[in-house]
Structure formats: C-alpha cells, structure tokens
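Survey of secondary and tertiary structure
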Number of protein chains: 2
Amino acid sequence: MGKNRSAPTLNDVAREAGVSTATVSRCLNSPDRVIETTRQRVMQAVESLGYTPNFAARVMAANRSYTIGAIIPTMDNAIFARGLQEFQDQLRQRGYTLLVSSSAYDPEMEREQIRTLVARGADGLLLIGHARDASIYTFLEQHQVPSLVAWSYTPEAQQPSVGFSNIEAMGELAQLVIGAGHRRIAMISGQTSGNDRAQGRVEGVKRAMAQSGLDAATLTLIETDYEIEKGADAFAQLMTLSPRPTVVMCGNDVLAAGALSEARRLGIKVPEQVSVTGFDDIELAEIVSPGLTTVHVPHREMGREAARELTAMVEGKSAGQSVCIKTRLMARHSLAEPPCQ
Amino acid sequence: MGKNRSAPTLNDVAREAGVSTATVSRCLNSPDRVIETTRQRVMQAVESLGYTPNFAARVMAANRSYTIGAIIPTMDNAIFARGLQEFQDQLRQRGYTLLVSSSAYDPEMEREQIRTLVARGADGLLLIGHARDASIYTFLEQHQVPSLVAWSYTPEAQQPSVGFSNIEAMGELAQLVIGAGHRRIAMISGQTSGNDRAQGRVEGVKRAMAQSGLDAATLTLIETDYEIEKGADAFAQLMTLSPRPTVVMCGNDVLAAGALSEARRLGIKVPEQVSVTGFDDIELAEIVSPGLTTVHVPHREMGREAARELTAMVEGKSAGQSVCIKTRLMARHSLAEPPCQ
DNA sequence: TTGTACGCGTTATCAC
DNA sequence: GTGATAACGCGTACAA
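Residues numbered from 1 in each chain as written. Chains lettered and ligands numbered in written order. Predicted model: local features only at pLDDT ≥ 70, side-chain atom pairs only at ≥ 80, totals over all residues. Heavy atoms only, no water.

As annotated in an unreviewed UniProt entry, chain A is HTH-type transcriptional repressor CytR from Falsiruegeria litorea R37.

Written out as structure tokens, the structure is:
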C-alpha cells in the first residue's frame, strides 16, 4: 500500500542522466541501440538511484512478463520439488522467472491459482496431470496462455505433456511383481478422483494382472491421501485380511514408507512375509529398510524438458510437442518371492 | 507475448452491460456501492465474456497487489514445505496470494528473486533467516516493502522475525545428550556460511558443552550440504575417528537420516554403539529406524504466525513484532547412553 | 542516435 | 448511484 511512493521511476533516472525516458528504457532493454557514453551515464543514474523497473507497468506496456507459472498439488512432499528445482534453473538460464503456487489437491483452488497467474501476466503455465475441468483449458486458450502438462505423458490428450506413462511405468513394476510369483496383490493408491497419475498407476497394475491371466477384479485396492501415516493405516488394514495379500504395491514412495514403518511396528517382516513396492524413487526409497523396490522417475530430466518445451511454446517456436520421459525399475530389497505357505 | 490480445477488458464488459467502466470496477471491488439491478447486469456480462481483471493494470492503478512473496533456500526438502503450506492457507483467508521462489541457497540468486518479487509489486516478503547483505534491507526499505524473517527468532536483530532460537533449541537437545553421559560429541552441520540457522545450531551445542564444563573445542564438526547422501558420507568419515564419537548430532533430520542409513550399512548399531540426533522433526524422523530423537519445530504454527504478522505489517497495523515459537524435544530411540567401553 | 507522445487496463477523484 | 477522466510507469512507433 502506498508502496513505491518514493521508488525511483524511469522519469527520475532520465532526469538524473539528462536524457529522455525512451533512452533509459532502451539502455535497459536493447543496450546496443544506444551509444556507449550515454549508456554509461544512464547506468550510473540507475545505480545511484537504486532504480528497479516497475514490473506491472512493464507487463502492461510490453504485454510480456518473462514469467512462467507452475501450479503443483502440494509443496508438502518431495515428489515435485526436485523436478521443479531443475525446471526453475532451466527457466532462469533462458531469462524467465518461475512462480509457484500450490493447489493443495483442490480443483477449485487450482482454478483460482491459474486465474491468478494468468491475470498476473504469466507467459506460460506448467500444470500437473491432465485431469481438470475443460473450462480451464478454454480459459487458457482465450487468454492465449500456452500451458504444458507435466508428470504425465498422454500423447492422445489435447494438451501437450512432458512426462511418462503412469500406466506403463506401474505396469512394468506389476509385471516384475507377478513374475516373482505374487498372486494376491493389494494396492494402496493415492486418491484417484481428479488425479490421472493415480488412476494410471492403478490401471497399470490391473492391465498387468490381466495380461498375466490374473483376474484384475481380485486386486484389493485402498485409496488414501499421499501421507506417510495414511500409508501406515492402509497397510494395517490390509494385514487384517484373510488370506493376506503377499504384496502391497503403493501409489508412491511416501505411502510405501508408511507401509514399511507399520510393518515393522506390527512385527511383519518385509519382504519375507509380505513384499512392498513404491513409486518415484525419491531419496526416502533408498534409506528406508529394506530399501524400496520402486519405479525410478528422472525428475530432473523432466524438469529440463518441460522448461525447454514450454519456453519454445511461449516464444512461438513450438505448437506444443509432447515429450516422453523413460522411467525404469529400481530393484532393492522390499520385493521378493511370496512366502511359500 | 501478444497475449490477452483478445482477452476481454473492463471496457468490453462496460459496453456489454451498457454502463461505464467505473461502474464495472465498483461492482468488482465494492459491490455495495452499486445498485442491485445494475450489478446483476454487470456480473452477467462479466460471466458471459469470461472477464478476468488484468492484474498488472490493477497493481499499477491501486499500487497494491495483495500478493506476498516468499523466498526459500530450496524446495527440494520438506523442511519448509509444511510451514509454507500453512502460511499460504492463512494468507488466502486474508485475501492474499502467495508467490514462492527458491534461491537454491545462493545469496546472489536470493537478491535477484527479492528484486523480482518487489518489482512485481509484492506487498510484503517472507525471508528465511537473518543473514544477508545489508543492501538488501536498504533496498526493501527504499521500496517500502515490509519483510518478515522466519525460521529464526532474533529479537535483537533489526528485522522482525517469527521463529525460534536455533541456539536455544539445539542447546536443549545438547543438554539432553550430555545429560545422557556423552562426552565425545560430533556434529554434522549444514553449511554455516551465510546461514544463521546452521550457525545457531552449532553455537547451541558449543554453549551447552561449555555450560556442562566440557571444552567446546573438542566438538568434532563437519559442515556439508543438507542432503541425505552428504549426511551418510559425513557419518562414515566420523566413524573412522579414533576414539570414535559416542554421539553424532546432526543439523537437521535429513542429515540424520543419512547418518542412520550409513550406520546400518556399516553394521554400526544405533543407539547401542553410537547415538544420533536430528532437528526439525519432519515425518522422516518418525519412520526411520530407530526413530530419531530430535527437536520438534511447530512449522504450522510458525506459518500461521508469520502470515498474521506480515499481513498486519503490510496493512500498517504493525511495525514489525517478533514472535517466538516454542520448540520442544522429541525423544525417540536414536539417543541412548554411550556404550560403557 | 535520441526525443515526443500515445497506449496498455485499472482505480480513484471528481462532478453529475 | 453513476459517468467522465486523470493518473499509474513503461515500451515503442514515429519523428527529428
């Protein structure tokens, strides 16, 4: 409020340097279009006044903000952190600033954040997953703000995406599980409603079962929030079943860590009595005991590719090309053959 | 670029509704200052055109953005996530939007991000820790942007802060450690350069030692990045010492988790052969084995208080009041008496 | 190479 | 209660 009342403007710099505002503006935006001596004078004035361009004015005049927005479901989780850090670094190198906000897994909140970022002049948006109301995409189109979906790869979708196929990635892991001999499979999934990544992972398990001649309907499925405690609760619940599942496949490493922790509390040995798998291969997966057999997602690579593609879109160099990132299985010790009972 | 070329403006809405732009503006900002019937007409036009106020223009005209910026050292880490999520929720309730960016623990980058956020019209800024170049505070003052320091409480500092005393918090834990009988104390600290939280934690250990009649100079100290692997490396290094330390106090839970993991790899039993402690009490601390004895930091409370105080400052209702958050010891199983050798 | 002057979309101060 | 209209600070044709 009343801020910048005293902040120096282009005008102040111009007066100080004895030139016009146009010249000052040029010094800042296309230094080569102004002669060396005047430029030095101007830069000195800029320095001594501590001038910082007013961003709002700049956006309004140029209709360009060099800002990219990203809306992630949560910051309370390492899943997105690493990819996003790389995304930001790459954007910086290309002259863009990243602004992040979190939707707390709430679609309405996400819609609001998207509107906020667009109104704020974001040149492009990074969104997580495809699943959202169509009106949002209409809105983005209307405002001609390019958007790129990440953490998901769905070439047949309208929106370009950078990521991997959750179905295939989890399917491969499920094949490994089934190949190890497991038949009674349980899964602790994240909430699938409005979350195409979670849906894809469930689908991947089911397809793998069907392919191996198992009845996908026999999959015991629990949906819960992506929190350690929730994973623990769900695991405890699964262990009351009779017959018990021989393997618990988790929607991500966080849930799996919770499951492992609960197993230890219950005195159930992993993987001797029950196997557990994860997804993401965050650091956590490596340090829990036993180490988590999981799907490795190259988050950094995804962040890098997303930055490349989205800036290309913003600059009109691409109409939106989907990029597929390869995941790979990461075998550790939490998966073994089922107990021979 | 060329964005919003087709986006509807106040003018379009005004024309559609058959009123002036002033009336449309009022409908949006002070609905009670306009008669019911016209308001309905206007809102209908807003709806049908899919109008979204242009933020840059609004900021420029009102000199107020209802935006708060936060610059955190990293997103690649759960430490800040929880407090920040609560901070954002509280801000939302008060009508503000939070924009986050990460400095990757780089002072120059932090400076740049601060300038960016200020130029962008942020009404206030949340910064982590006190340690930064004085010129930054000068800059903020010049632009009359209130700033609040979090994750640190230093009432004697110029800047108001919301947080806890890292010195005292770690000091209490160190007293617990010493009280358990430990004399050969090692510490794996985060990089202390430019990081007053890390410095405070080291200082806390040293003071506790001195108070207990131990020579603080005997503290074996390793500084490293806040990463799991770095914690593991540092722990391995400490275990080569002779005589070995009987306890390894870590600068945060992430480092401690790395230490624990390395101990298991080396076949060193915790806490029987060596004790380990952490700091922060993130979820990780609970699920590693053995559970981490650590300092519990009420991140949510900190986020809440920070939001309250910063908005008060922005609205001119407070000149900047520091708030002290109480941490508490969280005893689990990674700390025990030293082995009686 | 540099300066003049207009427009970007809002809010806010006036009159009406 | 509502409508003109002047800012807000910057970029950029266009002119010099």
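**Quick notes on the interface of chain B and chain A**
Counting residues at the interface gives 70 residues for chain B and 68 residues for chain A. Surface buried jointly by chain B and chain A totals about 5900 Å² across both partners, of which 49% is contributed by carbon and sulfur atoms. At the surface where chain B touches chain A, the tally comes to two salt bridges. A salt bridge links arginine 92 of chain B to glutamate 112 of chain A; the nearest nitrogen and oxygen atoms lie 2.9 Å apart. Joining chain B to chain A, the criterion identifies 14 residue pairs in polar contact (both at pLDDT 80 or more). A class-by-class count of the residues in the side of chain B that touches chain A yields 31 nonpolar, 23 polar and 16 charged. (Contact = heavy atoms within 4.5 Å. Buried area = accessible area lost by both parts, 1.4 Å probe. Salt bridge = Lys/Arg side-chain N within 4 Å of Asp/Glu carboxyl O. Polar contact = N/O pair within 3.5 Å; in protein donor to acceptor, adjacent residues only side chain to side chain. Nonpolar A, V, L, I, M, F, W, Y, C, P; charged D, E, K, R; others polar.)

**Observations concerning the protein's contact with DNA strand C**
Thr23 of chain A together with Leu10, Ser25, Tyr51 and Arg58 of chain B are the nearest of the 24 residues found near DNA strand C. Here the atoms of DNA strand C within 4 Å of the protein split so that 68% fall in sugar or phosphate, with bases taking the remainder. A distance of 2.8 Å is found between a base nitrogen of DNA strand C and a side-chain nitrogen or oxygen belonging to arginine 26 of chain A. Looking at the surface near DNA strand C, the element that brings in the most residues is helix H4 (residues 55-62) of chain B, giving five residues. Looking at side-chain class alone, the surface near DNA strand C contains 14 nonpolar, eight polar and two charged residues. (Near = heavy atom within 4 Å. Helix = DSSP H or I, 4+ residues; strand = E, 2+ residues; numbered from the N terminus.)

**Observations regarding the domain arrangement of chain A**
All names here are of chain A. Looking at chain A, the domain boundaries give domain 1 (9-38), domain 2 (67-164 + 298-326) and domain 3 (166-297). A straight line from the C-alpha centre of domain 2 to that of domain 3 covers 28 Å. Each partner contributes residues to the interface: domain 2 has 15 residues there, and domain 3 has 16 residues. Summing both partners gives a buried area of about 1200 Å² for domain 2 against domain 3, and 56% of it is carried by carbon and sulfur. Viewed at the interface, domain 3 and domain 2 are joined by one salt bridge. With a closest N to O distance of 3.6 Å, glutamate 283 and arginine 82 form a salt bridge. Applying the counting rule to domain 2 against domain 3 returns three residue pairs in polar contact (both at pLDDT 80 or more). Counting only elements with at least two residues in the side of domain 2 that touches domain 3, the list comes to helix H5 (78-93) and helix H13 (299-314). (Domains from an automatic or database assignment.)

**Side note on the protein's contact with DNA strand D**
Taken together, 23 residues lie around DNA strand D, and Leu10, Tyr51 and Arg58 of chain A together with Thr23 and Val34 of chain B are the ones closest in. Considering DNA strand D, the proportion of its atoms within 4 Å of the protein that are sugar or phosphate atoms stands at 67%. At 3.4 Å from a base nitrogen of DNA strand D is found a main-chain nitrogen or oxygen belonging to alanine 57 of chain A. One of the side-chain nitrogen or oxygen atoms of arginine 26 of chain B is found 2.9 Å away from a base nitrogen of DNA strand D. Listed by contribution, the elements that provide at least two residues to the surface near DNA strand D are helix H2 (21-29) and helix H4 (55-62) of chain A together with helix H2 (21-29) and H4 of chain B.

**Quick word on the sheet that holds strand S7 (residues 220-224) of chain B**
All names here are of chain B. Strand order in the open sheet formed by four strands is S7-S6-S8-S9, with parallel pairing between adjacent strands. On the outer flanks of this sheet lie S7 and strand S9 (275-277), each paired with one strand and no other. Across this sheet, the average inter-strand angle for adjacent strands is 15°, counted without regard to direction. In terms of strand pairing, strand S6 (residues 185-190) meets S7 through five bridges, oriented parallel. Bridge assignment links alanine 186 to a residue of S7, and that residue is threonine 220. Helix H8 (residues 166-179) contacts S6, strand S8 (247-250) and S9 of the sheet and is inclined by roughly 170° relative to S8. (Pairing = 2+ DSSP bridges. Axes fitted to C-alpha atoms, helices over the stretch in contact; angles between N-to-C directions.)

**Re the relation of the copies chain B and chain A**
With an RMSD of 0.1 Å, chain B superimposes on chain A once it is rotated by 180° and translated 0.0 Å along the axis. Taken together, the rotation and translation describe the operation of a two-fold axis. Relative to the rotation axis, the C-alpha of alanine 56 of chain B is the closest in chain B, positioned 2.2 Å from it. In this assembly the copies share their binding face: 97% of the residues contributing to the interface of chain B also contribute to that of chain A. (Least-squares fit on C-alpha atoms with pLDDT ≥ 70 in both.)

**Concerning the UniProt feature "domain: HTH lacI-type" (unreviewed entry) in chain A**
When the UniProt feature table is mapped to this numbering, "domain: HTH lacI-type" (unreviewed entry) covers residues 8-62 of chain A. In this annotation, residues 8-62 of chain A is assigned 71% helix and 0% strand; the end-to-end C-alpha distance for the span is 20 Å. (UniProt positions renumbered as here; feature names shortened; annotations may be inferred.)

**Details of the sheet that holds strand S6 (residues 185-190) of chain A**
Residues and elements named next belong to chain A. Strand order in this open sheet of four strands is S7-S6-S8-S9, and the pairing throughout is parallel. Each having just a single partner strand, strand S7 (220-224) and strand S9 (275-277) make up the two edges of the open sheet. Taken pair by pair, the neighbouring strands of this sheet meet at an average axis angle of 15°, ignoring direction. Against the sheet, helix H8 (residues 166-179) touches S6, strand S8 (247-250) and S9, its axis set at about 170° to S8.

**Considerations on helix H3 (residues 36-49) of chain B**
Residue and element names in this part refer to chain B. Over its 14 residues, H3 extends 20 Å from the first C-alpha to the last, a length consistent with the 20 Å expected when each residue adds 1.5 Å. Among the residues making up H3, those that are buried are Thr38, Val42, Ala45, Val46 and Leu49. Down the axis, H3 shows its buried residues gathered within 100° of arc, on one side only. Among the exposed residues of H3, those oriented more than 90 degrees off its buried face are Thr37, Gln40, Gln44, Glu47 and Ser48. One or two steps after H3, the chain reaches glycine 50, where phi turns positive at roughly 65°. (Expected span 1.5 Å × (residues − 1). Buried < 20%, exposed > 50% of the residue type's maximum accessible area, 1.4 Å probe, protein only. Arc of directions from axis to C-beta.)

**Quick word on the packing of aromatic side chains**
All chains considered together, the criterion is met by eight aromatic pairs over all chains. Aromatic side chains phenylalanine 80 of chain A and tryptophan 151 of chain A sit 5.0 Å apart centroid to centroid with 70° between the ring planes, which places their arrangement in the edge-to-face category. In this pair, phenylalanine 80 of chain A is assigned in helix H5 and tryptophan 151 of chain A in the loop between strand S4 (147-150) and strand S5 (161-163), connecting sequence segments 71 residues apart. One exposure class covers both phenylalanine 80 of chain A and tryptophan 151 of chain A, and it is buried. Each ring, one from tyrosine 66 of chain B and one from tyrosine 96 of chain B, has its centre 5.3 Å from the other, and the planes form 50°; the classification is tilted. Of the two residues, tyrosine 66 of chain B is situated in the loop between H4 and strand S1 (67-72) and tyrosine 96 of chain B in the loop between helix H5 (78-93) and strand S2 (97-102); the sequence distance between them amounts to 30 residues. Its relative accessible area of 41% is what places tyrosine 66 of chain B among the partly exposed residues. Over the face of the ring belonging to tyrosine 66 of chain A we find arginine 64 of chain A, whose NZ or CZ atom lies 4.2 Å from the ring centre. It is arginine 201 of chain B that lies over the ring of phenylalanine 279 of chain B; its NZ or CZ is 3.8 Å from the centre. (Phe/Tyr/Trp six-rings, centres within 6.5 Å; stacked < 30°, edge-to-face > 60°. Lys NZ or Arg CZ within 6 Å of the ring centre and 35° of its normal.)

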